[in-house]
Amino acid sequence: MRAFWNDCGVGVPPEQAQEVDLHAAGLIWSDQIRAVEGNFLGLIDEEDRTIQFYIEADIPDDIEDARHLRIVLMDFPQPEQSGSFGRQVAMGEVHGLIETAFRVGLDYRHFGELTFSPW
């Protein structure tokens, strides 16, 4: 897989996505991306399919453990359909979803119930 990400303006754009293994992708999510609105991690598989984990809200200051917060949009862009399949996921679900991506690829049909949103 190849990874791209943004952490408050610092990261790697999609056109320069870097080869990563499962461990490296997990570390990018854990160590390089702060839970701040607008930050994201994207993965691209060998068939050029993409998954993105986009943080839609900051973690409130009074929250110590944010794993339960459903503030991440899991998004599968479908340019040929002019939209994306996606759903809200909790912060604590993302590592498992990254593992699924490496195990089965980025066919959105392997990621549970999703909703299509036109662009």
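The preceding data block contains the structure.
This section reports on the structure supplied with the text.

Conventions adopted
- Residues numbered from 1 in each chain as written.
- Predicted model: local features only at pLDDT ≥ 70, side-chain atom pairs only at ≥ 80, totals over all residues.
- Heavy atoms only, no water.
- Helix = DSSP H or I, 4+ residues; strand = E, 2+ residues; numbered from the N terminus.
- Rg over C-alpha atoms; globule rule 2.2 N^0.38 Å.
- Buried < 20%, exposed > 50% of the residue type's maximum accessible area, 1.4 Å probe, protein only.
- Contact = heavy atoms within 4.5 Å.
- Areas by Shrake-Rupley, 256 points an atom, 1.4 Å probe, with all protein chains shown as cover.
- Lys, Arg positive; Asp, Glu negative; His and termini not counted.
- Charge placed at Lys NZ, Arg CZ, Asp CG, Glu CD.
- Arc of directions from axis to C-beta.
- Phe/Tyr/Trp six-rings, centres within 6.5 Å; stacked < 30°, edge-to-face > 60°.
- Lys NZ or Arg CZ within 6 Å of the ring centre and 35° of its normal.

With respect to the overall build of the protein chain
- The secondary structure content of the protein chain amounts to two helices and eight strands.
- In sequence order, the protein chain lays out its α and β elements as β-β-β-α-β-β-β-β-α-β.
- Here the C-alpha radius of gyration of the protein chain, 14 Å, is about what a compact globule of 119 residues would show, namely 14 Å.
- Seen through its principal axes, the protein chain has C-alpha atoms that stretch 40 × 30 × 25 Å.
- Burial analysis of the protein chain (119 residues in total) assigns 43% to the buried set.
- For the protein chain, the proportion of contacts with a sequence separation of at least 24, taken over those separated by at least 6, is 49%.
- For the protein chain, the accessible surface area stands at approximately 6,800 Å², while carbon and sulfur atoms represent 48% of it.
- Put simply, the protein chain has 8 plus and 22 minus side-chain charges, and the middle of one group is 6 Å from the middle of the other.

Quick notes on helix α2 (residues 94-104)
- Taken as a whole, α2 has its buried residues at Val94, Leu97, Ile98, Thr100 and Ala101. Seen from one end, α2 has its buried residues packed into an arc of 155 degrees, which puts them on one side.
- After α2 finishes, the residue glycine 105 shows a positive phi value of roughly 85 degrees.

What about the environment of leucine 114?
- The topology assignment puts leucine 114 in the loop between α2 and β8 (115-118).
- Of the residues examined, leucine 114 reaches a relative accessible area of 16% and is grouped as buried.
- Residues contacting leucine 114, with those up to four places away along its chain left out, are Met74, Phe76, Phe85, Gly86, Arg87 and Tyr108.

Side note on the packing of aromatic side chains
- If you walk through the whole model with that rule in mind, you get five aromatic pairs.
- Considering the side-chain rings of phenylalanine 4 and phenylalanine 40, the 6.0 Å spacing of their centres and the 65 degrees angle between planes classify their relative orientation as edge-to-face. In this pair, phenylalanine 4 sits in strand β1 (residues 2-7) while phenylalanine 40 sits in strand β4 (residues 40-44), placing the two residues 36 residues apart along the sequence.
- Its relative accessible area of 3% is what places phenylalanine 4 among the buried residues.
- A relative accessible area of 21% means that phenylalanine 40 is categorised as partly exposed.
- An aromatic cluster of three or more residues is present, and its members are Phe85, Tyr108 and Phe116.
- Across the ring face of tyrosine 108, the terminal group of arginine 109 is positioned such that the distance to the ring centre comes to 6.0 Å.

Everything listed is a geometric property; what it means functionally is a separate question.
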